[in-house]
Amino acid sequence: MTDIVAFDNVVKRYPGGKLALDRVSLRLARGEMAFLTGHSGAGKSTLMKLIGLIERPTRGRVVINGTDLAKVRRAHIPRYRQRVGLIFQNYNLLYDRTVFDNVALPLVIRGIGHTEIARRVRAALDTVGLLSHEKKFPITLSGGEQQRVGIARAVVNRPHLLLADEPTGNLDPDLSADIMRLFTRLNETGTSIMIATHAIDLVEHMGYRRIALDHGHLEAG
Amino acid sequence: MPEPQSSGSSRSAGPASRGSGRGRLAAWAASHARCLLESLGRLHRRWVASLLTVLVIGIALALPAGLYVLVKNLDTLASSWHQSVRISLYLKQDVSADSGQRLADDLAGENGISSTQFISADEGLRQFKQASSFGAALDALGSNPLPGVIEVTPKASLPPAAVGQLVDQLSKRRQVDHAALDQAWLRRLTAILALISRASWVIGALLSAAVLFIVGNTIRLDIENRRQEIEVMKLLGAGDAFIRRPFLYSGVWYGLLGAIVAIMVLVACYMALGGPLSTLTASYQGGLSLTGLSLRESAGLLAIGIALGWAGCAITVNRQLAAIEPR
């Protein structure tokens, strides 16, 4: 099993009839980084939601890191999600907690001891270059810094797979380039990463594979 | 830099976290303790709303607890009044003062009787003349209309029913015309006490239900306010138990603080009523004193508060949290 992500003929039809994904088959190799591109409504978010088990496919099979997601029962979703690092367009930080506490949250959820938490949170913050900001509250940070907190939170659990849904959607081009460089660095250390974005001009010269979706169909893979 | 990586095979974390069962238990206990304090901090941050909730819970708990204390005090009062019950034996007109005194002495040694006192017809007349303004009218009667009387004091340990039997027994004596016991008011008092006691349970049950709903509703609003946070936590892989925990602890705090308010309300009532009441009870023999909640009863009230807070939260939180799923 070398693929971290495997979609086989996946169909997703939402209640109401909208066809979001139509017989999509794709692979992401372990340690690979790829961009998922397409116009808004092309099915990028749906594809990400299927991997995060936020939605279930209507037909077809999704296998993540060897786990067939159809076999993950509701009660086991939390444990599954702990192994997938999610990064969001709007960061989804908790604004009543410090940067440290935000990044620590996935470890607290897993019930890890506080000395280990402190060690891992500092390592993650160091990776994204925010070690000196650990006591600040997210609201005092810039958008780019907030997204880096979000990334630190996603990697602190050492996930099999990082999923980023429009991570630079709210950032200007310079900051977006910074964030993309950060993903490149994380990928170089062996993390498998899938990034959904419509900023094609930003990613086309980066040299990574692009998976293009158009109205729920796969264009190139 | 190479720290947060995923090289496929999940590396085991540090020994402090997952290695030993003891370490896990310590981490679990620490996370609970932290959660307990955090939920208190959250209550503190919105202290006006929290205070109002706690006050409402406190008053709801203080009412039945206050009734309980009232019944407890009236019970002691009633039993002490019960101890001062006397039976009056009115002797037949033909019983002489001597035989009356003899009967009184005999009765004093009988079962269930603490003491007796004989009041002859002459003595009775003298007392009556002193105590009333009918002196002249009584003189006009010529002969003494009053019978000899024996005042019988039953043993204090005798329950009301046995006192009733004693009265029946004594009234059947040859020399006795009739026996009187002004016990009707005492029976009524006992009945009223039973009624108040029952009422305090009914009110207690109703107000406990009210506390459940107050806590449930407060937690429901709390969950609604933190919807986004809950969604994020679910996305990060938090299970239901983890998300539920801080809310359950909030419920526990509401209940505990509410019970403390209830105890404070009762202490305040005690202090406000204690002075005048002791003047009142001092006028009765036997110097009755007002008792408040004992330490054990206070602890019981705190436990009830905690249980109600927890339960009120538990009945809402599951349903509420299930409705929140990340989209």
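Model, not experiment: these values are computed from the prediction.

## Some details on the domain arrangement of chain B
And step 1. Here the domain parsing of chain B yields domain 1 (33–80 + 188–322) and domain 2 (86–182).
And step 2. Placing a centre on the C-alpha atoms of domain 1 of chain B and another on those of domain 2 of chain B gives a separation of 54 Å.

## Considering unusual backbone geometry
And step 1. Backbone geometry places N65(A), a non-glycine residue, at a positive phi of 50°.
And step 2. Taking relative accessible area as the criterion, N65(A) reaches 21% and is therefore assigned partly exposed.

## Remarks on the environment of T197(A)
All names here are of chain A.
And step 1. One can find T197 in the loop between β8 (192–196) and α7 (200–203).
And step 2. T197 sits in the buried class, given a relative accessible area of 0%.
And step 3. Considered as a pair, T197 and K135 are 62 residues apart in the sequence and their alpha carbons are 31 Å apart.
And step 4. Each residue touching T197, except ones within four places of it in the same chain, is listed here: F35, L36, T37, G38, K44, E166, T168 and V203.
And step 5. At 3.0 Å, the side chain of T197 and the backbone nitrogen of A199 are in polar contact.

## Thoughts on a nonpolar patch on the surface
And step 1. Together, W47(B), V48(B), L51(B), L52(B) and L55(B) make up an exposed nonpolar region whose accessible area comes to about 500 Å².
And step 2. Within the fold, L51(B) resides in helix α3 (residues 47–83).

## A short note on the nonpolar core
And step 1. Among the nonpolar cores identified, the biggest contains 76 residues, and V121(A), I151(A), F183(A) and F247(B) are the most heavily contacted of them.
And step 2. Ranked by the residues each element gives to this core, the list is headed by helix α10 (residues 240–282) of chain B, at 12 residues.
And step 3. Not counting residues up to four positions away in its chain, the partners in contact with I151(A) are I87(A), V128(A), I179(A), L182(A), F183(A) and L186(A).
And step 4. Listed in part, the 33 residues of the second largest apolar core include A34(A), L36(A), L47(A) and Y80(A).

## Comments concerning helix α9 (residues 227–235) of chain B
All names here are of chain B.
And step 1. Of all the nine residues making up α9, seven are buried; the element is thus mostly covered by neighbouring parts of the structure.
And step 2. Among the residues of α9, those classed as buried are E229, I230, E231, V232, M233, K234 and L235.
And step 3. Residue G237 follows α9 closely and has a positive phi angle near 95°.

## Details of the interface of chain B and chain A
And step 1. Listed by partner, the interface residues are 33 residues for chain B and 40 residues for chain A.
And step 2. Here chain B is connected to chain A by three salt bridges.
And step 3. Note that R97(A) and E229(B) form a salt bridge whose closest N and O atoms lie 2.7 Å from each other.
And step 4. On the surface where chain B and chain A come into contact, there are six residue pairs in polar contact (both at pLDDT 80 or more).
And step 5. Among the secondary structure elements, those contributing two or more residues to the side of chain B that touches chain A are α1 (15–19), α2 (21–45), α9 and α10 of chain B.

## A closer look at the pairing of strand β1 (residues 87–91) of chain B
All names here are of chain B.
And step 1. Of all five residues making up β1, four are buried, and the element is well covered by its neighbours.
And step 2. Of the strand pairs in this sheet, β1 and strand β3 (residues 149–154) are connected by four bridges, and their pairing is antiparallel. Residue pairing across strands places I87 opposite V152, the latter belonging to β3.
And step 3. The pairing of β1 with strand β4 (residues 176–180) spans four bridges and is classified as antiparallel. Paired with S88 across the strands is A180, a residue of β4.

About the cut-offs
- Residues numbered from 1 in each chain as written.
- Chains lettered and ligands numbered in written order.
- Predicted model: local features only at pLDDT ≥ 70, side-chain atom pairs only at ≥ 80, totals over all residues.
- Heavy atoms only, no water.
- Domains from an automatic or database assignment.
- Buried < 20%, exposed > 50% of the residue type's maximum accessible area, 1.4 Å probe, protein only.
- Helix = DSSP H or I, 4+ residues; strand = E, 2+ residues; numbered from the N terminus.
- Contact = heavy atoms within 4.5 Å.
- Polar contact = N/O pair within 3.5 Å; in protein donor to acceptor, adjacent residues only side chain to side chain.
- Patch = residues over 30% accessible without salt bridge, like charges linked within 9 Å, V, L, I, M, F, W, Y side chains within 5 Å.
- Areas by Shrake-Rupley, 256 points an atom, 1.4 Å probe, with all protein chains shown as cover.
- Salt bridge = Lys/Arg side-chain N within 4 Å of Asp/Glu carboxyl O.
- Core = buried A, V, L, I, M, F, W, Y, C linked by side-chain atoms within 4.5 Å.
- Pairing = 2+ DSSP bridges.

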